[in-house]
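Reading the structure
Listed below, chain by chain, are the residues.
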Amino acid sequence: MVFADLFFLFAFLPAFIICYMAGVLIDRWLAHDHASIPTSNTVKNLVLIVFSLIFYAWGEPVYVFLMLLSVLMNYIVGRAMDNATRWRKLALGVGVACNLGVLGVFKYASFFAEQVNALGLPCAIPDIALPIGISFYTFQSLSYLVDVYRRESPAQRSYWGLLLYISMFPQLIAGPIVRYDTVVNEIHKRTITSDDVAQGITRFMLGLAKKVIIANQLSEIAKQFLDSGNGDLTTTGAWLGILAFTFQIYYDFSGYSDMAIGIGRCMGFRFNENFNHPYCCSSITDFWRRWHMSLGSFFRDYVYIPMGGNRRHQWFNLLTVWFLTGMWHGASWNFILWGLYFGVILMIEKYTLLRWGIPAFIMHIYSLILVVLGWAIFYFVDMNAMGRFFMVAFGNAKEFTNIITETAVMNNFWLWIVAIVFAMPVRKWADTLCQNMMGGEDSAFYRFTVMSARIVFSIVVLIVSTALLVGATNNAFLYTRF
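Summarised in this report is the structure supplied together with it.

Thresholds applied
- Note that residues are indexed from 1 along each chain, following the sequence as it is written.
- Restriction of local features to residues with pLDDT of at least 70 applies here, the model being predicted, together with a cutoff of 80 or more for giving and counting side-chain atom pairs; totals for whole chains, interfaces and linings are based on all residues.
- Processing note: side-chain calculations cover all non-hydrogen atoms of the structure and skip hydrogens and water entirely.
- Numbering of helices and strands runs from the N terminus; a helix is a DSSP stretch of H or I covering at least four residues, while a strand is a stretch of E covering at least two.
- The size measure is the radius of gyration over C-alpha atoms, and the globule rule it meets is 2.2 Å times the number of residues to the 0.38 power.
- Only protein chains enter the accessibility calculation, which uses a 1.4 Å probe; a residue is then buried when its area is under 20% of its type maximum, exposed when over 50%, and partly exposed in between.
- In this analysis a 1.4 Å probe is tested at points of a 1 Å grid over the protein atoms alone, and where it fits but cannot get out there is a cavity; an open set with protein on both sides within 12 Å along at least five of seven lines is a pocket; lining residues have an atom within 4 Å of a point.
- Grid points are joined across faces, edges and corners, and a volume is the space filled by probe spheres set on the points.
- As a working rule, the residues Ala, Val, Leu, Ile, Met, Phe, Trp, Tyr, Cys and Pro are called nonpolar, Asp, Glu, Lys and Arg charged, and the rest polar, with Gly in that last group.
- In what follows, residue pairs with any heavy atoms lying within 4.5 Å of each other are defined as contacts.
- Here the expected length of a helix is defined as 1.5 Å per residue gap, with one fewer gap than residues.
- Only Phe, Tyr and Trp rings are paired, with Trp represented by its six-membered ring, and only when their centres lie within 6.5 Å; those with planes under 30 degrees apart are stacked, over 60 edge-to-face, the remainder tilted.
- Exposure above 30% relative accessible area and no salt bridge define the residues that can form patches, which grow by joining like charges within 9 Å and nonpolar side chains of Val, Leu, Ile, Met, Phe, Trp and Tyr within 5 Å.
- Each accessible area is a Shrake-Rupley estimate made with a 1.4 Å probe; only the visible protein chains count as cover when residues are assessed.
- Criterion for a salt bridge: a side-chain nitrogen of Lys or Arg within 4 Å of a carboxyl oxygen of Asp or Glu.
- Take the seven residues that end at a residue and the seven that start at it, fit an axis to each, and the angle between those axes is the bend at that residue.
- Every axis in this analysis is a line fitted to C-alpha atoms, fitted for helices over the stretch in contact. Angles between the N-to-C directions lie between 0 and 180 degrees.
- Throughout this description, any angle smaller than 35 degrees is read as roughly parallel, any larger than 145 degrees as roughly antiparallel, any in the 65 to 115 degree range as roughly perpendicular, and the remainder as oblique.
- Each crossing gets its hand from how the near helix is turned against the far one by less than a right angle, where anticlockwise is left-handed and clockwise is right-handed.

Across its full length, the protein chain carries 19 helices and 0 strands. The globule rule puts the C-alpha radius of gyration for 482 residues at 23 Å, and the 24 Å found for the protein chain is close to it. Reported as C-alpha extents along the three principal axes, the dimensions of the protein chain are approximately 75 × 65 × 50 Å. When burial is assessed residue by residue, the protein chain has 51% of its 482 residues classed as buried.

In structure tokens form, the structure reads like this:
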């Protein structure tokens, strides 16, 4: 099940809201009339767990048991570390090995078997389907174990509490990677205000607009030019296709993050931001501070710094992190190449461009060009297709342009304008302008305007998205496959 789906929007989500609000009312009654009840979140947490399991099992009913067993293993290891004094490091090692072992079997076993066969050694290639979201919930499990080991967060004393953290459906299958210390206090004690609900709904609708209205349309352009086999692809067509994918992956993934953050906010959870207008970057280093921030902070805090960070073997540490970043995205050579590509650029940048005082505009253009080329590496799993694409993109094509390319530009002119404009922080600019014109954020006129704008925006997005989703065949988010 995905968010950008009519069943989710008009069946699953309304049913969840009704049951969750009923749970809120029951919890309030229990808290007021039964002083012996230790928590006021019991029923609504149970509702969230049940709906999260239904959400995950909708497409892969078998693998929900894998997740339940994974949560049980992490619960036992976490309790063991919390109670032990001498064997804490061993318990952590066992937990990390089990999590990475499961991820390795399901995500990388076939890839490694193929590489062994390529060396001429016979090896059976296992036919194992990749469980949706396993990369995300595995990293959340690792974050839990490490935080407990470091005593930065207490071990979860309830299996159901840990299951809630791991299985929470808003961020289960495509992030953001929610660190345990971010929500540990909200699992058993959280409050919801009307402002939380209002901001959460607006954020969800913003994500829905990014996905359905922008990303889905851009995906058609990207597939038109990049999935054609490169035979009749023109040079301008190659660049048009990869630019479409560049915007598609941003609006697709940031849209999912917005929807996850919005649903979480409506329930009283405050997930960390995952994107900060990455295409406004001033360098590749700055780009990766803005893109998929939850993954970047995970590798920084749990891999890069423990390896030595900037203190020793910095180049080796950086390349290792980016090799692992590429591997995390998929069991394919193009992802490994993509990770190392950015790792090398970041190393070079650190010791050259960032020290030379190059004008910001030039650095911005340079960064965007390298990012777009990086997305080309990311897009083509077939290395031969990737090679042909780069040859065409840099001039080795039958034609420089043709009527098909020009038509794709003109017929989607406003889509390109919208994609470019809303990749910039226009919401922040508009909000600042409104505050200055209406007497500040405490002004009644400003608050009324914001509330009215949210309502109108949400209604329009829901109507337009529904119209676009009727008859749509493919609305899967790109990052669900990772």
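Roughly 1700 Å³ of internal volume is contained in the largest pocket. What lines the largest pocket is a set of 48 residues, among which Thr202, Leu206, Arg427, Arg454 and Phe457 lie closest to the centre. Within the residue set of the lining of the largest pocket, elements represented by two or more residues are helix H8 (194-226), helix H9 (235-266), helix H18 (426-438) and helix H19 (444-469). The biggest single contributor to the lining of the largest pocket is H8, with 12 residues. Residue composition of the lining of the largest pocket, by class: 26 nonpolar, 10 polar and 12 charged.

What follows concerns the environment of valine 371. The topology assignment puts valine 371 in helix H14 (residues 360-379). Residues valine 371 and phenylalanine 342, 29 residues apart in the sequence, show an inter-C-alpha distance of 8.8 Å.

In this section: the environment of tyrosine 180. By the element assignment, tyrosine 180 lies in helix H7 (residues 180-188). Residue tyrosine 180 is classed as buried on the basis of its relative accessible area of 1%. Counting along the chain gives 40 residues from tyrosine 180 to glutamine 140, while the straight-line C-alpha distance between them is 7.0 Å. Look past the residues within four positions of tyrosine 180 in its chain and what remains in contact with it is Ser143, Tyr144, Asp147, Ser153, Pro154, Ala155, Gln156, Tyr165 and Ile187.

Structurally, the position occupied by glutamine 140 is in helix H5 (residues 134-149). On the basis of relative accessible area, glutamine 140 is assigned to the buried category, the value being 1%.

This brings us to helix H2 (residues 42-57). Look at H2: 23 Å from first C-alpha to last across 16 residues, which is about the 22 Å you get at 1.5 Å a residue. Looking only at H2, the buried set comprises Val43, Lys44, Asn45, Val47, Leu48, Ile49, Phe51, Ser52, Phe55 and Tyr56.

One pass over the full model with this rule turns up 62 aromatic pairs. Their ring planes at 40° and their centres at 5.9 Å tell us that phenylalanine 139 and tryptophan 328 sit as a pair that is tilted. Of the two residues, phenylalanine 139 is situated in helix H5 and tryptophan 328 in helix H12 (residues 314-329); the sequence distance between them amounts to 189 residues. Given the relative accessible area of 6%, phenylalanine 139 is considered buried. You can call tryptophan 328 buried: its relative accessible area is 2%. Pairing tryptophan 322 with phenylalanine 342 gives two aromatic rings, centres 6.3 Å apart and planes at 40°, and the pair type is tilted. With a gap of 20 residues between them, tryptophan 322 in helix H12 and phenylalanine 342 in helix H13 (residues 333-351) connect regions that are remote in the sequence.

Attention shifts here to a nonpolar patch on the surface. Judged by side-chain polarity, Phe413, Trp414, Ile417, Ile420, Val421, Phe422, Met424 and Trp429 come together as a nonpolar surface patch covering roughly 790 Å² of accessible area. The greatest single-element share of the nonpolar patch, amounting to 5 residues, is contributed by helix H17 (residues 413-421). Tracing the sequence through the fold places tryptophan 429 in helix H18.

A positive phi angle, near 60°, is found at arginine 151, a position not held by glycine. Positive phi values are uncommon outside glycine, yet histidine 313 reaches one of about 55°. Relative to the assigned elements, histidine 313 resides in the loop between helix H11 (293-307) and H12.

On to H11, then. The terminal C-alpha atoms of H11, which comprises 15 residues, lie 20 Å apart, in line with the 21 Å expected from a rise of 1.5 Å per residue. Bending of H11 peaks at approximately 40° at the position of arginine 300. Lining the buried residues of H11 we find H5 and H12. Directly after H11, the chain includes glycine 308, whose backbone phi takes a positive value near 130°.

Time to look at the packing of H2 against helix H6 (residues 159-167). Relative orientation and spacing of two packed helices are given, respectively, by the angle between their axes and the distance between those axes. Two numbers describe how H2 lies on H6: the axes approach to 10 Å, and their chain directions differ by 50°. In this view, H2 runs oblique relative to H6, as classed from their interaxial angle. Pair H2 / H6 crosses with left-handed handedness. Residues Asn45, Leu48, Ile49, Ser52 and Leu53 of H2 touch H6, and the partners they reach there are Trp160, Leu163, Leu164 and Ser167.

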